[in-house]
Amino acid sequence: MIRPPSAVMFHSTRCAVASGDSRGGGETKLMNPANRNHKMSQFTVAIIGGGFTGATLAAQLLRKSGGSVSVVLIERGARPGRGVAYGTECAEHLLNVRARNMSAYAEDPEHFLEWVRLNHDPAVSPGDYLPRLVYGQYVSSSLRQEMQRYPGQIEHVQDEAEAVSPAGLGEAVEIRLRSGRTLFAHKVVLALGNFPPGDPRLPGRTPHSQRYVSNPWKSSALGDVAGDKSILLIGSGLTSVDVAITLRRSGFRGTIHILSRRGQLPQTHKPTALWPPFWDDQSPRTVRGLLRLIRMQVESAERAGSSWRAVLDSLRPFTQEIWRTLSLKERRRFLRHVRPYWDVHRHRVAPAIGVRLASQIQDGRIEIRAGRIKAYAEDIDGVDLTYCDRVSGQLERLRVDRVINCTGPESDCRKVDDPLLRNLMRQKMARPDSLFLGLDVSLDGALIDANGAASNLLYAIGPLRKGSLWESIAVQELRVQVSELSTALTGVRKFDQLNTRDNPGRTHQEPIAV
Ligand SMILES: Cc1cc2nc3c(=O)[nH]c(=O)nc-3n(C[C@H](O)[C@H](O)[C@H](O)COP(=O)(O)OP(=O)(O)OC[C@H]3O[C@@H](n4cnc5c(N)ncnc54)[C@H](O)[C@@H]3O)c2cc1C
């Protein structure tokens, strides 16, 4: 039985949103702009972004430091711990990972299972795929627990960080917020998460298009769809699956058309016999060689009664290492030729979601198409789309009431419309990685500036590290990053060593703990 969400209360400083307004909301000792010479009495870490990664990092910093670190969690939303993935209110949005693999703490693999049995349903089994909203409650509750244990040590500042720059002695970094306020910290961690999808090329669409939804993750994005007869989702990955579920939940009974270049939906999880690890130091260092190796393993697995799922799963603990051993040229080759197939096999949906999709495809309520959109023409009653069908090569026409962009998170920082990223790059404090999958970072997550020097003040965590790690979006990898960064940051205590002037740019390889 699903219990109603418990009220999650945070000590939160809500800031006025209008730029320049410094009056709204309560003040914190760190934020008072009149007190610019105020010296922080405690080692202070500012975390920008309070989704899964930011919230668990905040909790870990308190836990590991025994409350001696002060954390400012800057999150534009009202509920830290949720972010895009776990902020959903729809109980039909399920985790795409079994409960046993969803502990927020790498050091405590049973943590989620224990919490969920105590707070949600005692009968949950390790193989269950639970609602994402329950997971959001779990992350929030873990954070709240640390906040109660160490009162006053975490401040949730509900605002948006727009710029970061070096500050004076003892106040290593200055952070400017959208409200016009300024706060200071010794270290800043960017936990910005997934950016909204970039708009695909739709010749004929204008910025005034009324029937085009650019960002499906905005709470108001889908509006009233009950009266629509047909909707087109562009993209056929996990975002598209999520939106299809939301549409049905919102009363939409018409046809959902899903169009992508290859028309491939994510595969479904299925129970399978485990397959032993097979990647080692002697394995190929080329995409072609790796694919050959994987195909051979899949054949052996199938002969032994296992499956490709188990083969991919057995690669998971090595994926980051494999990525690092590939040359830039090979990584590019992977992105160009293999990525679409990798994505649908690696990012699988929960069995119950797979069943729902299959039944709607079978009865024609979902239609999958493969092709490229060539023209978009919107009139008062709907949208006419022309696309080139991948198989026939013919131009096909489609008339729909609404078009929703489900192409997945934009990762190219040059294209993301984000003031903080723009500012960091303009000030040359950050640069995109060579593959434009996120920001250029060292192995420990320190930002690498435009001149190639690793920062000793600014760190990135989460999807921003995809260029360096590839696997850097799911809880299983993020919790390891959180653990490592929190250990490193709680080892940094000597204030007199923290100023940039005393401690200019480290090289990439140095560990961050001092
Ligand atoms: C729809 C969806 C479903 C997913 N399901 C799973 C799953 O089942 N299992 C799994 O392991 N992974 C899943 N993931 C992967 C997901 O990336 C991670 O699990 C995790 O949520 C990422 O956390 P994050 O904190 O890095 O990003 P987010 O959770 O996106 O949080 C980033 C936060 O930063 C805030 N923010 C950004 N910029 C600023 C700023 N300038 N100032 C203030 N605040 C800012 C945002 O408001 C947001 O709350 C899913 C992802 C999505 C999008």
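These numbers were taken from a predicted model, which means no experiment stands behind them.

Here the focus is the sheet that holds strand S7 (residues 182-185). The strand order across the open sheet formed by three strands is S5-S6-S7, and the pairing between neighbours is antiparallel. In this open sheet, the two edge strands, each paired with only one partner strand, are strand S5 (161-166) and S7. On average, each strand axis in the sheet is tilted by 25° relative to the strand beside it, whichever way the strands run.

Here the focus is the packing of helix H1 (residues 52-65) against helix H13 (residues 475-490). Geometrically, a packed helix pair is captured by the angle between its two axes and the distance between the axes. Close contact between H1 and H13 brings their axes to 9 Å; oriented N to C, the two are set at 40°. The angle between H1 and H13 falls in the class oblique. For the pair H1 and H13, the crossing hand works out as right-handed. In this structure, H1 contributes Phe 52, Thr 53, Thr 56, Leu 57, Gln 60, Leu 61, Lys 64 and Ser 65 to the contact, and H13 contributes Val 475, Leu 478, Arg 479, Val 482, Ser 483, Leu 485, Ser 486, Thr 487, Leu 489 and Thr 490. Residues of the contact of H1 with H13, tallied by class, amount to eight nonpolar, eight polar and two charged.

In this section: the site of the ligand. Surveying the vicinity of the ligand reveals 31 residues, the closest of which are Gly 49, Gly 51, Gly 83, Gly 193 and Gly 462. Among the secondary structure elements, those contributing two or more residues to the shell around the ligand are H1, helix H2 (83-86) and H13. Among the residues making up the shell around the ligand, the classes are represented as 16 nonpolar, eleven polar and four charged.

One open sheet accounts for seven strands, arranged S9-S15-S10-S11-S12-S13-S14; its pairing is mixed. Bordering the open sheet on either side are strand S9 (212-213) and strand S14 (395-400), each of which pairs with just one other strand. Pairing analysis gives five bridges linking strand S11 (residues 255-260) to strand S12 (residues 366-378), with the strands arranged parallel. Within S12, the position partnered with Ser 260 by the bridge is Ala 370. Contacts from helix H5 (residues 238-249) reach strand S10 (230-234), S11, S12 and strand S15 (402-405) within the one sheet, and its direction differs from that of S10 by about 160°.

In terms of nonpolar packing, the biggest core is built from 106 residues, with Ile 47 and Ala 58 touching the most fellow members. In contact with Ala 58, other than residues within four places in its own chain, are Ile 47, Val 71, Leu 73, Leu 143 and Ile 154.

What follows concerns helix H9 (residues 328-346). Taking 1.5 Å of rise per residue, 19 residues should cover 27 Å, yet H9 covers just 22 Å from first to last C-alpha, more than 12% shy of that figure. Most pronounced at Val 338, the bend in H9 amounts to some 70°, and the proline Pro 340 follows within four residues.

Let's shift gears to the pairing of strand S17 (residues 454-460). Here S17 lies mainly inside the structure; seven of its seven residues are buried. Two strands pair when backbone bridges link them, and strand S8 (residues 187-190) and S17 are joined in this way by three bridges, in the parallel orientation. Looking at S17, one finds that Val 189 is bridged to Tyr 459. Joining the antiparallel neighbours strand S16 (residues 446-448) and S17 is a turn of five residues, in which Gly 452 adopts a positive phi near 90°.

Okay, unusual backbone geometry next. Here Lys 428, not a glycine, exhibits a phi torsion of approximately 65°, which is positive. Along the chain, Lys 428 falls in the loop between helix H11 (419-426) and S16. The phi angle at Phe 436 is positive, at roughly 60°, despite the residue not being glycine. Topologically, Phe 436 is positioned in the loop between H11 and S16. What makes Phe 436 partly exposed here is the crowd of 15 C-beta atoms within 10 Å.

To continue, consider the pairing of S15. Two faces make up the sheet, and in a regular strand the side chains alternate between them. Of the two faces of S15, both are covered, the one formed by Arg 402 and Ile 404 as well as the one formed by Val 403 and Asn 405. Summarising the sheet, S9 and S15 pair through two bridges and their orientation is parallel. Residue pairing for S15: Val 213 is matched across the bridge by Ile 404. With four bridges joining them, S10 and S15 adopt parallel strand pairing. Note that in S15 the partner of Leu 232 across the bridge is Val 403.

What follows is about helix H7 (residues 308-315). For H7, every residue scored as buried is listed here: Arg 309, Ala 310, Val 311 and Leu 312. For H7, the elements touching its buried residues are helix H6 (287-303) and H9.

So, how was this worked out
- Residues numbered from 1 in each chain as written.
- Predicted model: local features only at pLDDT ≥ 70, side-chain atom pairs only at ≥ 80, totals over all residues.
- Pairing = 2+ DSSP bridges.
- Helix = DSSP H or I, 4+ residues; strand = E, 2+ residues; numbered from the N terminus.
- Axes fitted to C-alpha atoms, helices over the stretch in contact; angles between N-to-C directions.
- Parallel < 35°, antiparallel > 145°, perpendicular 65-115°, else oblique.
- Left-handed = near helix turned anticlockwise from the far one by under 90°.
- Contact = placed C-beta atoms within 7 Å.
- Nonpolar A, V, L, I, M, F, W, Y, C, P; charged D, E, K, R; others polar.
- Near = placed C-beta within 6 Å.
- Core = buried A, V, L, I, M, F, W, Y, C linked by C-beta atoms within 7 Å.
- Buried ≥ 20, exposed ≤ 12 C-beta atoms within 10 Å, placed from the backbone.
- Expected span 1.5 Å × (residues − 1).
- Bend = angle between axes of the 7 residues up to and from the residue.

Purely geometric stuff here, so don't read any function into it on its own.
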